[in-house]
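# Summary of the model geometry
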Amino acid sequence: MGDVLVQKMTRLLVAAALALPSALAAQTTPAAPPAQAAPAPQVEIAQIQARLEHLQQTALQDSTILAAGEALNRDLLAAAATVDSTATRRLARAETLGTEMQAAQQAGDTVRLAALTSEAEAMAVYFDQLTPRVMALPEVRTKQQAYVNQLIATMTRLDPQVPALLARLETLRGGPAGGAAPSAAPGSGN
């Protein structure tokens with residue numbers, strides 16, 4: 001469970017880092033897709049998301065993106081420590097919880113397992129609350145945007161239609177034209 005908490009915190013931080021702001025999608029002016037029998041908006045959204053998610057997963061395997069993601073993760077964890085001085089200690093504790101929970105389960109120590117489970121749940125809540133505070137830091141937003149730009153550039157090398165797909169997705173979701181909030185990157189959900 002501790003490893004799961006660490007992975008969850010990292011996933012939350014990276015998911016927040018991958019959030020695609022409306023301005024990014026608005027940077028392009030793609031040609032409108034051909035006016036064929038257009039699928040319903042929800043179907044089209046799902047199709048675009050699936051395509052972008054596949055491209056993102058492929059791009060995330062690129063060694064440059066892997067290195068940039070690791071650097072961003074280190075920066076996010078350092079920023080977390082500046083937001084809350086207990087973050088580093090709590091992360092270290094989260095890393096040990098899994099092993100302790102597994103040992104308690106194997107030993108049949110239900111009292112210890114229950115206590116560790118409660119601690120793990122409290123730790124998850126803590127990281128859920130810490131993440132937006134970290135992501136609100138201007139220096140984190142700058143690094144996040146640089147990473148997103150690099151990721152999108154890599155995705156675009158894989159498929160030159162990526163900017164048009166992002167713009168279309170934003171339009172379908174009611175982005176800048178409709179005034180809705182920006183959407184998250186494909187596959188970055190919890």
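Residues numbered from 1 in each chain as written. Predicted model: local features only at pLDDT ≥ 70, side-chain atom pairs only at ≥ 80, totals over all residues. Heavy atoms only, no water.

## Topic: the overall build of the chain
The helix and strand inventory of the chain stands at 8 helices and 0 strands. Helices and strands in the chain line up, N terminus first, as α-α-α-α-α-α-α-α. Taking contacts inside the chain between residues at least 6 apart in sequence as the whole, the part at least 24 apart equals 81%. When the accessible surface of the chain is totalled, it reaches about 10,300 Å², and 58% of it is carbon and sulfur. (Helix = DSSP H or I, 4+ residues; strand = E, 2+ residues; numbered from the N terminus. Contact = heavy atoms within 4.5 Å. Areas by Shrake-Rupley, 256 points an atom, 1.4 Å probe, with all protein chains shown as cover.)

## Quick look at the pattern of salt bridges
Going through the model one piece at a time under the given rule, you end up with 6 salt bridges. With its nearest N and O atoms 3.6 Å apart, the salt bridge here joins D75 to K143. You can see D75 sitting in helix α4 (residues 63-83) and its partner K143 sitting in helix α7 (residues 138-158), a full 68 residues away along the chain. Here K143 falls in the partly exposed class, since its relative accessible area comes to 40%. Look at the salt bridges and you will find they share partners, linking R93, E100, R112 and E119 into a network. (Salt bridge = Lys/Arg side-chain N within 4 Å of Asp/Glu carboxyl O. Buried < 20%, exposed > 50% of the residue type's maximum accessible area, 1.4 Å probe, protein only.)

## Quick word on the confidence of the model for the chain
Here the chain shows a mean pLDDT of 79. Residues at 70 or above account for 71%. Scored below 50 in pLDDT, residues 1-6 makes 18 contacts in the model with residues more than four places away or belonging to other chains. Confidence over residues 12-32 falls short of pLDDT 50; this stretch has 57 contacts with residues more than four positions distant or in other chains. (pLDDT = per-residue confidence, 0-100.)

## Digging into the packing of aromatic side chains
Tallied over the full model, the rule gives 1 aromatic pair. A centroid spacing of 5.1 Å and a plane angle of 65 degrees characterise the contact between Y126 and F127, whose relative ring orientation is edge-to-face. Comparing Y126 with F127 shows no difference in burial state: the two are buried. Sitting over the face of the ring of Y126, R90 holds its NZ or CZ atom 3.9 Å from the ring centroid. (Phe/Tyr/Trp six-rings, centres within 6.5 Å; stacked < 30°, edge-to-face > 60°. Lys NZ or Arg CZ within 6 Å of the ring centre and 35° of its normal.)

## Re the environment of Q47
Mapping Q47 onto the fold places it in helix α3 (residues 41-59). Looking at Q47, the relative accessible area reads 47%, which means it is partly exposed. Along the backbone, Q47 and L169 are 122 residues apart, and their C-alpha atoms lie at a distance of 9.8 Å.

## Topic: the packing of α3 against α7
Two measures define how a pair of helices packs: the angle their axes make with one another and the distance between the axes. Relative to each other, α3 and α7 sit at 105 degrees, their axes nearing to 9 Å. Overall, the two elements α3 and α7 adopt an arrangement that is roughly perpendicular. For the pair formed by α3 and α7, the contact residues are L52, L55, Q56, T58 and A59 on the first element and L151, T154, M155 and L158 on the second. The residue makeup of the contact of α3 with α7, split by class, is 6 nonpolar, 3 polar and no charged. (Axes fitted to C-alpha atoms, helices over the stretch in contact; angles between N-to-C directions. Parallel < 35°, antiparallel > 145°, perpendicular 65-115°, else oblique. Nonpolar A, V, L, I, M, F, W, Y, C, P; charged D, E, K, R; others polar.)

## Some points on the packing of helix α5 (residues 87-107) against helix α6 (residues 110-135)
Close contact between α5 and α6 brings their axes to 10 Å; oriented N to C, the two are set at 150 degrees. Judged by the angle between their axes, α5 and α6 are roughly antiparallel. In this structure, α5 meets α6 at a crossing whose hand is left-handed. Between α5 and α6, the residues in contact are A87, R90, L91, R93, A94, L97, E100, M101, A104 and Q105 and R112, L113, L116, T117, E119, A120, M123, Y126, F127 and L130, respectively. Residues that form the contact of α5 with α6 fall into these classes: 13 nonpolar, 2 polar and 5 charged. (Left-handed = near helix turned anticlockwise from the far one by under 90°.)

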